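Examination of the molecular architecture
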Amino acid sequence: MGGIRVGTSGWADRELTSSGWYPREVNDPAGRLRYYAERFDLVEVDTTYYGIPAPETAKAWAERTPDGFTFNVKAFSLFTGHPTPSSAIPAALRPASGASRLRRRDLDPDAYERLWTGFHNVLAPLADAGKLGVVLLQFPPWLARSDKARESIIAAADRCRPHRVAVELRHPSWFTEADVLDTLLFLQGHDLSHVVVDMRQSLASSVPPVTVSTADPAVVRLHGHSPAWESGDKKEKFRYVYGDDELAAWAERLRDLAGEGDELHVLINTCCGDTAPRTALRLAELLSSATRPSPA
């Protein structure tokens, strides 16, 4: 069975820092990351989805974490087709239109290239330190299965190379009974990790948790089952607490999935105080303590 790493999607959001999970004396970014890294060996960097930080920031992340620690980095929203606030783009690269939200087509080609260069400059210190796991390409929920969509996925993934790439697809058309195998083979054929998603089911927009690995590392993101998935804001959408029965069931599925490759990354992406790290710690405990019965 491959190794299983468990962590959370971020370590410094306001819900968490105000929850009391960090001791009172751990009250700055450097201290929080060190404290987190003493308890987990994996984290997902979500801030890069909202803006491209300075390379010095990523260098500090690498320096503040021990050997063997891994960062999965979420790609900038513009790169995966999401409308992006113009304020997230450096002023020198913004178009003159003054639009509040931008897509790739709104940018000068040179500006778009410079954004990718900036993103790779952030990845470099983590890769150089041996601490970069995957670049996460989370595509928008309106990206339905089609030849054009596949071309967009391949183009974005190629932009991320030579780094490992994981793809999260959020339109149910990719996972219908008739098309799920084709989707998995497509990802496997391009050496892309399929992101297994746990989310609220029974909705028109629901994506099922297809626990199949298509490339190393396998990646699982547990978003929770909030009843406000479609109606709430970001905070309400991800506000969920996994019970022990749910985590025990996932531990069994994760052990099976880990057997398909060399490494499995499991990220808890819920928000409600310190729910995410406490859930991650409990899941790690279940994974380390659970034993399977010997074959008869």
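Here, every reference points to the structure presented above.
Residues numbered from 1 in each chain as written. Predicted model: local features only at pLDDT ≥ 70, side-chain atom pairs only at ≥ 80, totals over all residues. Heavy atoms only, no water.

Overview of the pairing of strand β8 (residues 193–198)
Across the six residues of β8, six count as buried, placing the element largely inside the fold. In β8, alternate side chains face the same way, and those of S193, V195 and V197 on one face and H194, V196 and D198 on the other are all buried. One ladder, built from two bridges, connects strand β7 (residues 165–168) with β8; its direction is parallel. Bridging from a neighbouring strand, A166 pairs with S193 of β8. (Buried < 20%, exposed > 50% of the residue type's maximum accessible area, 1.4 Å probe, protein only. Helix = DSSP H or I, 4+ residues; strand = E, 2+ residues; numbered from the N terminus. Pairing = 2+ DSSP bridges.)

What about the nonpolar core?
Counting 88 residues, the largest nonpolar core has W11, F71, I153, V220 and L283 as the members making the most contacts within it. A total of eight residues in this core trace back to one element, the largest contributor, which is helix α5 (residues 109–128). The contacts of I153, once residues within four sequence positions are left out, are F139, L143, V167, L169, W174, F186 and L192. (Core = buried A, V, L, I, M, F, W, Y, C linked by side-chain atoms within 4.5 Å. Contact = heavy atoms within 4.5 Å.)

Digging into the sheet that holds strand β3 (residues 70–74)
Strands sit in the order β1-β2-β3-β6-β7-β8-β9-β10 around a closed barrel of eight strands; the barrel is parallel. Strand after strand, the sheet turns through a mean of 25 degrees between neighbouring axes, direction not considered. Sitting on the sheet, helix α10 (residues 275–289) touches β1 (3–9), β9 (218–222) and β10 (263–268), and the angle it makes with β1 is about 170 degrees. (Axes fitted to C-alpha atoms, helices over the stretch in contact; angles between N-to-C directions.)

A short note on the environment of S146
By the element assignment, S146 lies in the loop between β6 (132–138) and α6 (147–160). Placed 90 residues apart in sequence, S146 and E236 show a C-alpha to C-alpha distance of 31 Å. A polar contact is formed between the side chain of S146 and the backbone nitrogen of A149, at a distance of 3.0 Å. (Polar contact = N/O pair within 3.5 Å; in protein donor to acceptor, adjacent residues only side chain to side chain.)

Topic: α6
Think of an α-helix as turning once every 3.6 residues; residues three or four places apart then point the same way. Here α6 is 14 residues long and its end C-alpha atoms lie 20 Å apart, about the 20 Å a rise of 1.5 Å per residue gives. Within α6, burial applies to A149, R150, I153, A156, A157 and C160. Seen along its axis, α6 keeps its buried residues to an arc of 130 degrees; they face one direction. Among the exposed residues of α6, those oriented more than 90 degrees off its buried face are D147, K148, E151 and D158. Against α5, β6, β7 and α7 (180–189) lie the buried residues of α6. (Expected span 1.5 Å × (residues − 1). Arc of directions from axis to C-beta.)

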